[in-house]
Amino acid sequence: MEKDLLYGNGEDAEQSFMELFSEKNQLQKVIETNQKTEQFGLELTQEDAKLLVEARGEELKKQKRVEFGEGILPKIIFAFCDSSYITQDNYVETVARLQEIFYLFKNESMDLLNDDELLVFMREQFEQICFGNLDYLEETCLENFSQAVRAGYRGYQKSGGHGEYEQFDEVTRWDRNLYMEALMDLF
């Protein structure tokens with residue numbers, strides 16, 4: 001029976017194949033993320049899930065992308081659910097925006113980054129550089145990184161997306177040792 005579903009066996013196989021891509025299936029996958037996210041105080045209602053799945057469809061059309069299977073939405077939820085910058089109050093809006101940013105930068109990076117590399121990079125910057133600011137993530141961190149990727153940078157392949165932004169960051173960050181040295185000079 002399973003082989004028939006994979007390789008096709010008339011209308012039943014076509015029906016099963018279409019169910020994989022149905023909105024109902026997408027909604028179910030998103031609702032199932034609650035099993036993990038509840039431990040972080042985050043939960044999606046059926047209505048929330050529906051909004052996110054609809055936003056997914058709109059973004060896919062806007063970015064002229066096609067997605068098979070469960071899509072990126074559950075992966076985004078799992079990657080960001082333990083963020084200190086996401087609360088129940090901003091959960092749906094933040095996930096919707098992260099999804100929008102994800103699809104935009106899949107295109108901006110010319111699909112050279114795989115989903116996991118992009119998610120790791122996004123999460124790291126969201127927490128450590130952007131401190132939850134989605135505009136800074138989109139307009140600065142991801143813009144700089146995608147420019148480097150388009151120009152031929154491939155170092156992210158070895159790191160899986162970890163620790164990549166420092167070499168593209170245009171802002172000098174706070175350095176504890178430099179601070180302590182300056183403090184000592186004052187006294």
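In this text, all values refer to a predicted model and were calculated from it rather than measured experimentally.

What follows covers the overall build of the chain. For the chain, the helix and strand inventory stands at 11 helices and 0 strands. Reading the chain from its N terminus to its C terminus gives the helix and strand order α-α-α-α-α-α-α-α-α-α-α. Among the 187 residues that make up the chain, the fraction classed as buried is 39%. Within the chain, contacts between residues at least 6 apart in sequence are counted, and of these 64% link residues at least 24 apart.

Moving on, we come to the confidence of the model for the chain. When pLDDT is averaged along the chain, the result is 84, and 82% of the positions lie at 70 or above. Note on residues 1-8: pLDDT under 50 across the span, and 7 contacts to partners over four residues away in sequence or across chains. Below a pLDDT of 50 lies the segment residues 15-20, which in the model reaches 5 contacts outside its immediate sequence neighbourhood of four places, other chains included.

What the rule picks out here adds up to 12 salt bridges. Of the charged contacts in the structure, one is a salt bridge between Arg150 and Glu108, with a shortest N-O distance of 3.3 Å. A residue pair is termed long-range when its members are at least 10 positions apart, and Arg150 in helix H9 (residues 134-150) and Glu108 in helix H7 (residues 91-108) qualify at 42 residues. Look at Arg150 and you get partly exposed, because its relative accessible area is 32%. Several salt bridges converge on common partners, so that one network encompasses Arg65, Lys106, Asp111 and Asp115.

What follows deals with the side chain of Gln63. Secondary-structure assignment places Gln63 in the loop between helix H5 (46-62) and helix H6 (73-80). In contact with Gln63, other than residues within four places in its own chain, are Tyr103, Leu104 and Asn107.

Counting 39 residues, the largest nonpolar core has Ile76, Phe80, Phe102, Met122, Leu137 and Leu142 as its most contacted members. Elements with a contribution of two residues or more to this core: helix H3 (23-32), H5, H6, H7, helix H8 (115-128) and H9. If one sorts the elements of this core by residue count, H7 sits on top with 8 residues. Apart from residues lying up to four places away in sequence, Leu137 is in contact with Leu98, Ile101, Met122, Gln125, Phe126, Cys130 and Leu142.

So, on to the side chain of Gln99. Here Gln99 is to be found in helix H7. Of the residues examined, Gln99 reaches a relative accessible area of 0% and is grouped as buried. Excluding residues within four positions of it along the chain, Gln99 makes contact with Leu52, Ala55, Arg56, Leu73 and Ile76.

Attention now moves to unusual backbone geometry. One non-glycine residue, Asp111, adopts positive backbone phi at about 60 degrees. Given a relative accessible area of 41%, Asp111 falls into the partly exposed group.

Reading the values: rules and limits
- Note that residues are indexed from 1 along each chain, following the sequence as it is written.
- Only residues with pLDDT of at least 70 get local features here, since the model is predicted, and only at 80 or more are side-chain atom pairs given and counted; chain-wide, interface and lining totals rely on the full set of residues.
- Hydrogens and water molecules were not included; the side-chain quantities draw on all heavy atoms of the structure.
- For the purposes of this entry, the term helix denotes a DSSP run of H or I that reaches at least four residues, the term strand denotes a run of E that reaches at least two, and both are numbered from the N terminus.
- For every residue, the accessible area (1.4 Å probe, protein chains only) is compared with the maximum for its type, and the residue is labelled buried under 20%, exposed over 50%, or partly exposed between those bounds.
- Note on contacts: a residue pair is in contact if any heavy atoms of the two residues lie within 4.5 Å.
- Known as pLDDT, the predictor's confidence for each residue is given on a scale from 0 to 100.
- Salt-bridge detection follows one rule: a side-chain nitrogen of Lys or Arg within 4 Å of a carboxyl oxygen of Asp or Glu.
- Each nonpolar core is a collection of buried residues, namely Ala, Val, Leu, Ile, Met, Phe, Trp, Tyr and Cys, held together in the definition by side-chain atoms within 4.5 Å.

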